[in-house]
Amino acid sequence: MNINLPNFNVKNLVKEAGSTISRVVQLTEEKLGTTERTEYDLHFQNLAERADVTKTWTEKIVRDTESVLIPNPQNRVEDFIFEKIEKSKPKRLSNLEHLALDMIEAGGDFGQDLPYGQALIKAGQAEQKLGQCEHDFIATSGICFTQPLRKFLDGEMKTIGKERGILETKRLDLDACKNRVKKARSMLGQQSKDGISPEAVLEQAERDLRVAQAEFDRQSEITKLLLDGISTSQASHLRHLHAFVQTQVRYYKQCNDVMEQLQRELAKMQHPKPRLRINSEDVDGGPPSSVSMHSCDSDSLMGLALDSDPDPDLDKSLTNLLEDFHIEFDTTAVSTVIFVTECSPVNEDYMYGKQGLMKGLVPRAFVEMLDEEHDVTL
């Protein structure tokens, strides 16, 4: 039976094993502090430190951005697996879209003809639009920001890490050769061992040192060129950041437009307010805390308070009264008679008015005082 074995170069195998052992010995002695090591120049150290900082912060930014775009960690892991096996990511509903479906379904069950049911359906439709905007934002942000940064980490930074590892190996070989040269020089003048003179051992060690030094210098220049390229990469990252910010601006503007449209639609569904009449002015009476008046300038008409308390608190300050009420305006005009007194303290712009159980502040400019012989209806 013939067995085809791969052709091994025994000499190269032994040489590589010897090199590996010498590197381990050199590294161990460096850790123990029993031997010297070749230090990188200051410029190289600065470049290497900047590369480490860039790698660390870029990884954090990518992770944080993905957490913002896809808060669920399980979904992020699932997307990562599908990306690695080169399959399309599963389509899943967002939380906004789940809310939208429940609102629409609830509105249908409550009744599409009822105000609450109609409002739920409209709100659900708006939430659906927000969900679609969110999907578009996630997809666009991945293309313009996270994917380029991850490509940088998986490509350029891995290449730099690999070349730095090779450089460190060359450095260990260089230091091991230096130690062999020192050892060979210390053996000069001694008797030869194994038939090899100390001069021949020194000559071979110096030859190995020159080769190791040349390989170390060449690898050092290659690694420096790669480290210098990080500045160019950061300029590219800046462009990607601008694109990401623009995507965010567009996304939040779309969401704001959707919600403003929903707000306008819900406002149209509100029922008209009940009506009452005060001093020849048309008034739409809402809840006891607010009223509406027409034919008044918005700067001169500040507020009218309606309360169910039959006894007015005339000592309350005008400022506190005005802060509690909001004014709107209508269009028609009718007349009625109310009882008015001066505020305490007296105010030049307002008087205190009362009609039945209703009381409040009335602009003095819109009050017409009646003669005593006129009938007064309270």
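Refer to the structure above for everything that follows.
Predicted, not measured: the structure shown is a model, and the values here were computed from it. (Residues numbered from 1 in each chain as written. Predicted model: local features only at pLDDT ≥ 70, side-chain atom pairs only at ≥ 80, totals over all residues. Heavy atoms only, no water.)

Colleague: In this structure, what is going on with the side chain of Glu127? I would like to understand it.
Modeller: The topology assignment puts Glu127 in helix 5 (residues 115–186). Among buried charged residues, Glu127 stands out as having no salt bridge; its nearest opposite-charge side chain is Lys129, 12 Å away. Discounting chain neighbours no more than four positions away, the residues touching Glu127 are Leu96, Leu99, Ala100 and Met103. (Helix = DSSP H or I, 4+ residues; strand = E, 2+ residues; numbered from the N terminus. Buried < 20%, exposed > 50% of the residue type's maximum accessible area, 1.4 Å probe, protein only. Lys, Arg positive; Asp, Glu negative; His and termini not counted. Salt bridge = Lys/Arg side-chain N within 4 Å of Asp/Glu carboxyl O. Contact = heavy atoms within 4.5 Å.)

Colleague: Where do I start with the nonpolar core in this structure?
Modeller: Across soluble globular proteins, nonpolar side chains show a tendency to be buried alongside one another. Formed by 36 residues in total, the largest nonpolar core has its most connected members in Phe44, Met157, Leu227 and Ile230. Those elements that place two or more of their residues in this core are helix 2 (42–69), helix 5, helix 6 (198–228) and helix 7 (230–268). Apart from residues no more than four positions distant in its own chain, Phe44 is found in contact with Leu167, Ser220, Thr223, Lys224 and Leu227. Counting residues in each nonpolar core, the second largest holds five residues, with Ile338, Val340, Met351 and Val367 among its members. (Core = buried A, V, L, I, M, F, W, Y, C linked by side-chain atoms within 4.5 Å.)

Colleague: How should the packing of helix 2 against helix 6 be read in this particular structure?
Modeller: Describing two packed helices takes the angle between their axes plus the distance from one axis to the other. For the pair helix 2 and helix 6, interaxial distance at closest approach is 10 Å and the crossing angle is 45 degrees. Between helix 2 and helix 6, the crossing angle belongs to the class labelled oblique. Considering how the two elements wind past one another, helix 2 and helix 6 form a crossing that is left-handed. The residues of helix 6 that touch helix 2, namely those facing His43, Phe44, Leu47, Ala48, Arg50 and Ala51, are Ser220, Thr223, Lys224, Leu227 and Asp228. (Axes fitted to C-alpha atoms, helices over the stretch in contact; angles between N-to-C directions. Parallel < 35°, antiparallel > 145°, perpendicular 65-115°, else oblique. Left-handed = near helix turned anticlockwise from the far one by under 90°.)

Colleague: Teacher, can you tell me more about the sheet that holds strand 5 (residues 339–341) here?
Modeller: Picture the strands of a sheet paired through backbone hydrogen bonds; they go either parallel or antiparallel. Strand order in the open sheet formed by three strands is 5-6-7, with antiparallel pairing between adjacent strands. Each edge of the open sheet is held by one strand with a lone partner, namely strand 5 and strand 7 (358–363). Taking the axes of each pair of neighbouring strands and ignoring which way they run, one obtains an average angle of 30 degrees across the sheet. (Pairing = 2+ DSSP bridges.)

Colleague: What is the right way to look at the pairing of strand 6 (residues 350–355) in this model?
Modeller: Regular strands show a simple pattern: their side chains alternate between the two faces of the sheet. Note that strand 5 and strand 6 share three bridges and pair antiparallel. The partner of Phe339 across the bridge, within strand 6, is Lys354. Bridge count between strand 6 and strand 7: six bridges; the pairing is antiparallel. Opposite Gln355, over in strand 7, you have Met358 as the bridge partner. Here strand 6 hands over to strand 7 after two residues, with Gly356 in that stretch at a positive phi of 65 degrees.

Colleague: For this particular structure, what's the right way to read the side chain of Thr38?
Modeller: Relative to the elements of secondary structure, Thr38 occurs in the loop between helix 1 (10–32) and helix 2. Residue classification places Thr38 among the buried residues on the basis of a relative accessible area of 14%. Within polar-contact distance, the side chain of Thr38 engages the side chain of Asp175 at 2.4 Å. A polar atom in the side chain of Thr38 sits 3.0 Å from the side chain of Lys178. Among all residues touching Thr38, those that are not within four sequence positions of it are Arg171, Leu174, Asp175, Lys178 and Phe216. (Polar contact = N/O pair within 3.5 Å; in protein donor to acceptor, adjacent residues only side chain to side chain.)

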